[in-house]
Amino acid sequence: MIKAILVFNNHGKPRLSKFYQYYPEDIQHQIIRETFHLVSKRDDNVCNFLEGGTLIGGSDYRLIYRHYATLYFVFCVDSSESELGILDLIQVFVETLDKCFENVCELDLIFHVDKVHYILSELVMGGMVLETNMTEIITRIEEQNKLEKQEAGISAAPARAVSAMKEMNIPQKIKDIKLPDLPSIGNLKF
């Protein structure tokens, strides 16, 4: 099972953190800091697997990571997960981000956090891997984008209605209404 997914830059600033087990916020920050120190001090030509830090589970857990340009993608997993399978999952995640953002960079993760979390939730939910087929994931993301565009049209409907009402010039229309001649009240018998 996946315990946490962390993405941080070369300076240790977290750009994405998803924990599938509850930790208080201060412990989460300590885990991110400790994970960064464990991963960043390693050479690029060494193995991408290492034992988890003391805060995230120690020797029972593995940190599996990839370093792309200015970002580290780190998955903390227990012994039931395949290290090579998780490396492949990281690759699928990064390639999916790259297709969605057209040459993904750190700023995309900062300014499109909701979309990045949506992509991640298509891959992993509750610490379990859901989907590894990138074309299937891209299809779901395109469907979500279509829904968002439709909702944008629906949410804009009240604004369009208000502007249409303003264009109608209601006060003048009220003045122009022709009412039928009504008998005067004095002629009525009770």
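Residues numbered from 1 in each chain as written. Predicted model: local features only at pLDDT ≥ 70, side-chain atom pairs only at ≥ 80, totals over all residues. Heavy atoms only, no water.

Notes on the pairing of strand 1 (residues 2–9)
- The element strand 1 is extensively covered by neighbouring structure, given that eight of its eight residues are classed as buried.
- One ladder, built from seven bridges, connects strand 1 with strand 5 (residues 71–78); its direction is antiparallel. Bridge pairing in strand 5 links Val7 to Phe73.
- Examined bridge by bridge, strand 1 and strand 2 (residues 14–19) share five bridges and lie antiparallel to one another. Bridged to Ala4 within strand 2 is Phe19.
- Hairpin remark: strand 1 followed by strand 2, antiparallel, with four residues in the connecting loop; positive phi at Gly12, about 85°. (Buried < 20%, exposed > 50% of the residue type's maximum accessible area, 1.4 Å probe, protein only. Helix = DSSP H or I, 4+ residues; strand = E, 2+ residues; numbered from the N terminus. Pairing = 2+ DSSP bridges.)

Considering the packing of helix 2 (residues 83–101) against helix 4 (residues 113–123)
- At a minimum axis separation of 11 Å, helix 2 and helix 4 run at an interaxial angle of 140°. Viewed along their axes, helix 2 and helix 4 adopt a mutual orientation that is oblique. The chirality of how helix 2 crosses helix 4 is right-handed. Residue-level inspection shows Leu89, Val92, Phe93, Thr96, Leu97, Cys100 and Phe101 of helix 2 in contact with helix 4, the latter providing Lys115, Val116, Ile119, Leu120 and Leu123.
- Split into classes, the residues belonging to the contact of helix 2 with helix 4 amount to ten nonpolar, one polar and one charged. (Axes fitted to C-alpha atoms, helices over the stretch in contact; angles between N-to-C directions. Parallel < 35°, antiparallel > 145°, perpendicular 65-115°, else oblique. Left-handed = near helix turned anticlockwise from the far one by under 90°. Contact = heavy atoms within 4.5 Å. Nonpolar A, V, L, I, M, F, W, Y, C, P; charged D, E, K, R; others polar.)

Some details on the packing of aromatic side chains
- All told, the structure shown has six aromatic pairs when counted by the stated rule.
- Summarising the aromatic geometry, the rings of Phe8 and Tyr72 are spaced 5.7 Å apart at their centres and angled 40° between planes, so their arrangement reads as tilted. Here the residue Phe8 occupies a position in strand 1, and Tyr72 occupies one in strand 5, the gap between them amounting to 64 residues.
- Put simply, the rings of Phe8, Phe36 and Tyr72 touch in pairs and so form one group of aromatic residues.
- In this structure, Lys3 is placed above the aromatic ring of Tyr61, and the distance from its NZ or CZ to the ring centre is 3.9 Å. (Phe/Tyr/Trp six-rings, centres within 6.5 Å; stacked < 30°, edge-to-face > 60°. Lys NZ or Arg CZ within 6 Å of the ring centre and 35° of its normal.)

Section: a nonpolar patch on the surface
- Judged by side-chain polarity, Leu107, Ile110 and Phe111 come together as a nonpolar surface patch covering roughly 320 Å² of accessible area.
- Considering the arrangement of structural elements, one finds Phe111 in helix 3 (residues 106–111).
- By relative accessible area, which is 63% here, Phe111 ends up exposed. (Patch = residues over 30% accessible without salt bridge, like charges linked within 9 Å, V, L, I, M, F, W, Y side chains within 5 Å. Areas by Shrake-Rupley, 256 points an atom, 1.4 Å probe, with all protein chains shown as cover. Salt bridge = Lys/Arg side-chain N within 4 Å of Asp/Glu carboxyl O.)

As for the side chain of Asn48
- Topologically, Asn48 is positioned in the loop between helix 1 (25–40) and strand 3 (49–51).
- According to the relative accessible area criterion, Asn48 is buried, its value standing at 19%.
- Excluding anything up to four places from it in sequence, Asn48 contacts Leu63, Ile64, Tyr65, Arg66 and Leu87.

Things to note about the pattern of salt bridges
- Tallied over the full model, the rule gives four salt bridges.
- As a salt-bridge pair, Arg62 and Glu83 come within 3.8 Å of each other at their nearest N and O atoms. On the criterion of sequence distance, the pair formed by Arg62 in strand 4 (residues 61–68) and Glu83 in helix 2 is long-range, its members being 21 residues apart.
- Note on Arg62: relative accessible area 29%, which makes it partly exposed.
- Exposure remark for Glu83: the relative accessible area of 27% places this residue in the partly exposed category.
- Through salt bridges that share partners, Glu136, Arg140 and Glu143 make up one connected network.

Thoughts on the environment of His67
- Take His67: it is sitting in strand 4.
- Classification of His67 by relative accessible area gives partly exposed; the value is 29%.
- Between the alpha carbons of His67 and Phe8 there is a distance of 9.8 Å; along the sequence they are 59 residues apart.
- Those residues in contact with His67 that lie beyond four places of it in its chain are Asn10, Asp44 and Tyr72.
- Within the structure, His67 has its side chain in polar contact with the side chain of Asn10 (distance 2.9 Å).
- In terms of polar contacts, His67 uses its side chain to reach the backbone carbonyl oxygen of Ala69, at 3.2 Å. (Polar contact = N/O pair within 3.5 Å; in protein donor to acceptor, adjacent residues only side chain to side chain.)

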